[in-house]
Amino acid sequence: MIPLCWYATVNHLNEAPVSEESSDEDDKECETCRSTGANESSSNSDLSAENTCRPPGINNEDSCEPILSEESKVLLGEQIKQISMHFPPRLTACTWTLEYSTMKHGTSLRTLYRSMQGLDCSTFIVIKDTDGQVFGAFCSSPLRVSDCFYGTGETFLFSFSPELQVFKWTSENSFFVKGNLDSFAFGGGRGIFGLWLDGDLYHGRSHTCDTFNNDILSKTEDFFVHVMEAWALK
């Protein structure tokens, strides 16, 4: 086995959802000299809504919810809301920018590393395997090649199986994240890893590890990636 690991934010604009009631008022105001101002306000609101992306299942009125640069192909809106509640408080209402996706960029660990270059923020990795299981990891820094483990106690593993389970740091060791050109891993101890992926980001493995005392994240110890996304959180 080989070690390693890691798992976004974009332009966000102010949102002002337009309700059906406000549209009715605008129609009435069209009969007066105020119609121009009302229409301009409605247009600005529509433009703002078009340039922000809240996942399905999350209301635009919930300003404390995360904003995504684009729709996730792995997580549903309710799952995004649930997992974001376990982020550090500073990231509860952060924006997610999709830096890497196997669907858009192919299956290459080197490409994943390149997508993280120049970032200085927390990252979030989410995987859907060929069994339909969804799981991943939160890391307090971008994924990178390293000679030793790095990261902080904010790092955690999670799995939707199907209910959300979050596995936080146990303080048993500091084997948070490690990556090389052939693989990356989250969590470790006694020669096993909480989450491990190969250089092709296709074959993975999950074990119970001392760092997080996690359950096996996938249905079986060995799994194959169907879709993987890496998000930058700011």
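Everything that follows concerns the structure shown earlier in this document.
Cut-offs used in this document
- Along each chain, residue indices are assigned from 1 in the same order as the chain's sequence is written.
- Local features in a predicted model are, by the rule used here, given only for residues with pLDDT of at least 70; side-chain atom pairs are given and counted only at 80 or more, and totals for whole chains, interfaces and linings are based on all residues.
- Derived side-chain values reflect all non-hydrogen atoms in the structure, with water molecules and hydrogen atoms excluded from consideration.
- In what follows, salt bridge is the name for a side-chain nitrogen of Lys or Arg lying within 4 Å of a carboxyl oxygen of Asp or Glu.
- We count a stretch as a helix when DSSP gives it H or I for four or more residues in a row; a strand needs E for two or more, and each element gets its number in order from the N terminus.
- Throughout, exposure labels follow a simple rule: accessible area from a 1.4 Å probe, protein chains only, divided by the maximum for the residue type, with under 20% read as buried, over 50% as exposed, and the rest as partly exposed.
- Contacts were defined at the residue level, with two residues in contact if any of their heavy atoms lie within 4.5 Å.
- Definition of a polar contact: a pair of N or O atoms within 3.5 Å, with one able to donate and the other able to accept a hydrogen when the atoms are protein atoms, and with sequence-neighbouring residues admitted only if both atoms are side-chain atoms.
- Directions from the helix axis toward the C-beta atoms define the arc.
- Any two strands with at least two DSSP-identified bridges between them are counted as paired.
- Place the viewer so that the strands point away; then a crossover is right-handed whenever the path from the first strand over the helix to the second strand goes clockwise.

Enquirer: Looking at this model, I keep getting lost on the pattern of salt bridges. Mind explaining?
Expert: Opposite charge on two side chains permits pairing when their charged atoms draw close. Evaluated as defined, the whole model comprises four salt bridges. The shortest N-O distance in the salt bridge between glutamate 70 and lysine 104 comes to 3.4 Å. Within this pair, whereas glutamate 70 is found in the loop between β1 (67-68) and α3 (77-84), its partner lysine 104 is found in helix α4 (residues 102-105), the two being separated by 34 residues in sequence. Salt-bridge contacts for aspartate 222 lead to arginine 205; the nearest nitrogen and oxygen are separated by 2.9 Å.

Enquirer: Mind showing me how you'd approach helix α5 (residues 109-116) here?
Expert: One full turn of an α-helix is made of 3.6 residues, so residues set three or four places apart face in the same direction. Of all eight residues in α5, six are buried, a share of seventy percent or more. Every buried residue belonging to α5 is among Leu109, Thr111, Leu112, Tyr113, Ser115 and Met116, and all of these are buried. In this structure, the buried side of α5 is in contact with β2 (95-101), α4, β3 (122-129), β7 (177-179), β8 (183-189) and β11 (222-233). The N-terminus of α5 is capped by serine 108, whose side-chain oxygen sits 3.4 Å from the backbone nitrogen of arginine 110.

Enquirer: Would you mind showing me how to read α3 here?
Expert: The set of residues buried in α3 consists of Gly77, Gln79, Ile80, Ile83 and Ser84. Burial along α3 is one-sided: seen end-on, the buried residues are contained in an arc of 160 degrees. Contact partners of the buried residues in α3: β1, β2, β3, β5 (156-160) and β6 (164-167).

Enquirer: Could you clarify how one ought to interpret the pairing of β2 in this entry?
Expert: Both faces of the sheet carry side chains from a regular strand, because those side chains alternate between them. Of all seven residues that make up β2, six are buried, and the element is covered over most of its length. Here two bridges tie β1 to β2, and the two strands are oriented parallel to one another. Bridged to isoleucine 67 within β2 is threonine 95. Running through α3, the crossover from β1 to the neighbouring parallel element β2 is left-handed.

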